[in-house]
Amino acid sequence: MADFFKFEADFVDSLRCIPMQVRYKLDTCGIKLKLSDWNQMNQAEREALVELPCTTTAEIQSYQEYIQQLIVNRTGTLPTKLPIESEPAWLDSNTIPISIQDKAQETGVIVTLSQWENLSPLQRFALIKLSRSGHENKNFPKAIAEFNIV
């Protein structure tokens, strides 16, 4: 069973939004999934995207092929490919991205290097995504609290 973040609780039962763990896998395999495409998938397909592994080179390739075919089957169009970062910030436990520091400061919190190091790659990914400009950032303070960075 996949673990969801508490800040995602309002949509994980129905999977009406793309959960962070799927977004993490999408960035890992370099596929852009639009919410409109996600909403064309049935519950079993969404659950498969949550459950399928995407860690090893073979798993990443398999996940990429699976989601590409799923999107084509549901929408009739190929998904947009995204560049895959060779050294993504969420895997670097030694450097806190500026976007995280800025967003944390806006909410009156300071993220220490020790706290950053103790986060999982998925937690760091979530904070990076939630701190980006243009993103709805209402869950950033919830994530900070959930990850015990207060």
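Residues numbered from 1 in each chain as written. Predicted model: local features only at pLDDT ≥ 70, side-chain atom pairs only at ≥ 80, totals over all residues. Heavy atoms only, no water.

This brings us to the pattern of salt bridges. As enumerated under the stated definition, the model contains four salt bridges in all. Its salt-bridge partner being Arg 74, residue Glu 45 comes within 2.9 Å of it at the nearest N-O pair. Remark: Arg 74 occurs in helix 4 (residues 57–75) and Glu 45 occurs in helix 3 (residues 43–51); sequence separation between them is 29 residues. Salt-bridge contacts for Glu 106 lead to Lys 103; the nearest nitrogen and oxygen are separated by 3.1 Å. With Glu 106 and Lys 103 both in helix 5 (residues 98–106) and three residues apart, the pair spans about one turn of that helix. Given a relative accessible area of 60%, Glu 106 falls into the exposed group. With relative accessibility at 13%, the residue Lys 103 sits in the buried group. (Salt bridge = Lys/Arg side-chain N within 4 Å of Asp/Glu carboxyl O. Helix = DSSP H or I, 4+ residues; strand = E, 2+ residues; numbered from the N terminus. Buried < 20%, exposed > 50% of the residue type's maximum accessible area, 1.4 Å probe, protein only.)

With that settled, the discussion passes to the packing of helix 5 against helix 7 (residues 121–131). Any two packed helices are characterised by the angle at which their axes cross and by the distance between the axes. Two numbers describe how helix 5 lies on helix 7: the axes approach to 9 Å, and their chain directions differ by 70°. Taken together, the axis directions place helix 5 and helix 7 in an arrangement best described as roughly perpendicular. You can see that helix 5 and helix 7 cross each other, and the crossing is left-handed. Of helix 7, the residues touching helix 5 (which contributes Ser 99, Ile 100 and Lys 103) are Leu 127, Ile 128 and Ser 131. Across the contact of helix 5 with helix 7, the residue classes tally to three nonpolar, two polar and one charged. (Axes fitted to C-alpha atoms, helices over the stretch in contact; angles between N-to-C directions. Parallel < 35°, antiparallel > 145°, perpendicular 65-115°, else oblique. Left-handed = near helix turned anticlockwise from the far one by under 90°. Contact = heavy atoms within 4.5 Å. Nonpolar A, V, L, I, M, F, W, Y, C, P; charged D, E, K, R; others polar.)

With that out of the way, let us pick up helix 1 (residues 20–29). Three- or four-residue spacings in an α-helix give side chains the same orientation, since the helix completes a turn every 3.6 residues. The element helix 1 is extensively covered by neighbouring structure, given that nine of its 10 residues are classed as buried. Residues of helix 1 that are buried: Met 20, Gln 21, Val 22, Tyr 24, Lys 25, Leu 26, Asp 27, Thr 28 and Cys 29. The positive-phi residue at the C-terminal boundary of helix 1 is Gly 30, with phi of around 75°.

Its location among the elements puts Thr 28 in helix 1. Setting aside its immediate chain neighbours within four residues, Thr 28 contacts Cys 54, Ile 60 and Ile 84.

Two numbers describe a pair of aromatic rings. These are the distance of the centres and the angle of the planes. On inspection of all chains with the given rule, the structure shows six aromatic pairs. An angle of 65° between the planes, with centres 5.2 Å apart, marks the rings of Phe 5 and Phe 147 as edge-to-face. Pair noted here: Phe 5 is in the segment before helix 1 and Phe 147 is in the segment after helix 8 (140–146), with a separation of 142 residues, a long-range link. Judged by centre distance (6.1 Å) and plane angle (55°), the rings of Tyr 24 and Trp 90 are tilted. (Phe/Tyr/Trp six-rings, centres within 6.5 Å; stacked < 30°, edge-to-face > 60°.)

Looking at soluble globular proteins, one finds that nonpolar side chains tend to be buried together. Grouped together as the largest cluster of nonpolar side chains are 22 residues, with contacts concentrated most on Phe 7, Ile 100, Val 111, Trp 116, Leu 127, Phe 147 and Ile 149. When residues of this core are traced back to their parent elements, those giving at least two are helix 1, helix 5, helix 7 and helix 8. Top contributing element to this core by residue count: helix 7, with five residues. Each residue touching Leu 127, except ones within four places of it in the same chain, is listed here: Ile 100, Trp 116, Leu 119, Phe 140, Ala 143, Ile 144, Phe 147 and Ile 149. If you look at the next biggest cluster of nonpolar residues, it comprises 16 residues, including Leu 26, Leu 49, Ile 67 and Leu 70. (Core = buried A, V, L, I, M, F, W, Y, C linked by side-chain atoms within 4.5 Å.)

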